[in-house]
Amino acid sequence: MRHDVELHVNGLTTRHPVESRQLLVHYLRDTLGLTGTHVGCDSSNCGACTVLLDGVAVKSCTVFTAAVDGSEVLTVEGLASDGEMSPVQEGFRQCHGLQCGYCTPGMVVSATGLLLDSPQPTRAEIREGLEGNLCRCTGYQMIVESVTWAAEHGGPGPAARAHADRAEQAGQR
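Along each chain, numbering runs from 1 in the same order as the chain's sequence is written. The predicted origin of the model limits local features to residues at a pLDDT of at least 70 and limits the giving and counting of side-chain atom pairs to 80 or more, whereas totals for whole chains, interfaces and linings rest on all residues. Note: side-chain values were computed over all heavy atoms of the structure, leaving out hydrogens and water.

Engineer: Explanation requested: the pattern of salt bridges in the structure shown.
Structural biologist: As a working rule, side chains carrying opposite charge can pair if their charged atoms are close by. Think of a salt bridge as a Lys or Arg side-chain nitrogen and an Asp or Glu carboxyl oxygen that are within 4 Å of each other. Across all of its chains, the model carries six salt bridges by this definition. As a salt-bridge pair, Arg21 and Glu19 come within 3.8 Å of each other at their nearest N and O atoms. When a residue's accessible area, from a 1.4 Å probe over protein chains only, is under 20% of the maximum for its type it is buried; when over 50% it is exposed; and in between it is partly exposed. Classification of Glu19 by relative accessible area gives partly exposed; the value is 25%. Note that Arg166 and Glu72 form a salt bridge whose closest N and O atoms lie 3.0 Å from each other. Of this pair, Arg166 sits in helix 6 (residues 158-169) while Glu72 sits in strand 5 (residues 72-74), and the two are 94 residues apart along the sequence. The helix and strand labels rest on DSSP assignments: H or I over at least four residues marks a helix, E over at least two residues marks a strand, and numbering proceeds from the N terminus.

And the structure:
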């Protein structure tokens, strides 16, 4: 069965017919071409597919696209603002919070969601906030440093704040 779905992705309205069983990760990657949202495990264990859905970090491999009709979605591609990386993206660059980079989009989006909810998290809160994201390369120390840097240099960033504000105004956050 197909459903006509309207989503607001990275601030833009999208409208497409989707199959009932289509996962949001596949809609973002295959329909919209937003390949920064990775498919890492197909079992919701790795967090590489994390996006902000109505201001909350979710694993997009666990969400049916048809079920979130009318929602606000923010992907890693939408975090930059006016050509400038978000503080979280910049934090990962400044503090070397990535190696192979496969987990990085999910880590960055999860950290952004964390900073929306907790602007000055402790290191323990950062570790807890990212526990649904797996990294096989870094050992996490530099990732924690990256999020700490972001918290001290602007938090989630303007695009994420605008996304969360739109979701809140729509009564979805």
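From this point on, the discussion continues.
Engineer: Looking at this structure, I do not really get the environment of Arg123. What am I missing?
Structural biologist: Among the structural elements, Arg123 can be located in helix 4 (residues 123-129). Once you skip the residues sitting within four places of it in the chain, Arg123 turns out to touch Gln141, Val144, Glu145 and Thr148. Here Glu145 takes part through its side chain, which lies 3.0 Å from a polar atom of the side chain of Arg123. The criterion used for residue contact is that any of the two residues' heavy atoms lie within 4.5 Å. We define a polar contact as two N or O atoms separated by no more than 3.5 Å, with the added condition that, inside protein, one atom must be a possible hydrogen donor and the other a possible acceptor, whereas residues neighbouring each other in sequence contribute only through side-chain atom pairs.

Engineer: Looking at this structure, how should I read unusual backbone geometry?
Structural biologist: Excluding glycine, residues mostly have negative phi values, and the peptide bonds linking residues are mostly trans. Here the phi dihedral of Ser44 falls at roughly 65 degrees; this positive angle occurs in a residue that is not glycine. The topology assignment puts Ser44 in the loop between helix 1 (24-31) and strand 3 (50-53).

Engineer: For this particular structure, what's the right way to read the pairing of strand 2 (residues 12-19)?
Structural biologist: A regular strand places its side chains on the two faces of the sheet in alternate fashion. At least two DSSP bridges between two strands are needed for those strands to be called paired. Looking at chain direction, strand 1 (residues 2-9) and strand 2 are connected through eight bridges and run antiparallel. Each residue of the ladder has a partner; that of Val5, found in strand 2, is His16. Connecting strand 1 to the next strand, strand 2, in antiparallel fashion are two residues, including Asn10 with a positive phi near 55 degrees.

Engineer: Would you mind showing me how to read the nonpolar core here?
Structural biologist: Counting residues in each nonpolar core, the largest one holds 24 residues, and the members touching the most others are Leu79, Val88, Phe92, Met107, Leu130 and Val147. If you list the elements that add at least two residues to this core, you get helix 2 (87-94), helix 3 (104-117), helix 5 (141-152) and helix 6. Among the elements that make up this core, the one with the highest residue count is helix 3 (seven residues). Every residue in contact with Phe92, bar those within four places of it in the chain, is listed here: Gly97, Leu98, Thr104, Met107, Val108, Ile143, Ser146 and Val147. Among the buried residues, those of types Ala, Val, Leu, Ile, Met, Phe, Trp, Tyr and Cys that are joined through side-chain atoms within 4.5 Å form a nonpolar core.

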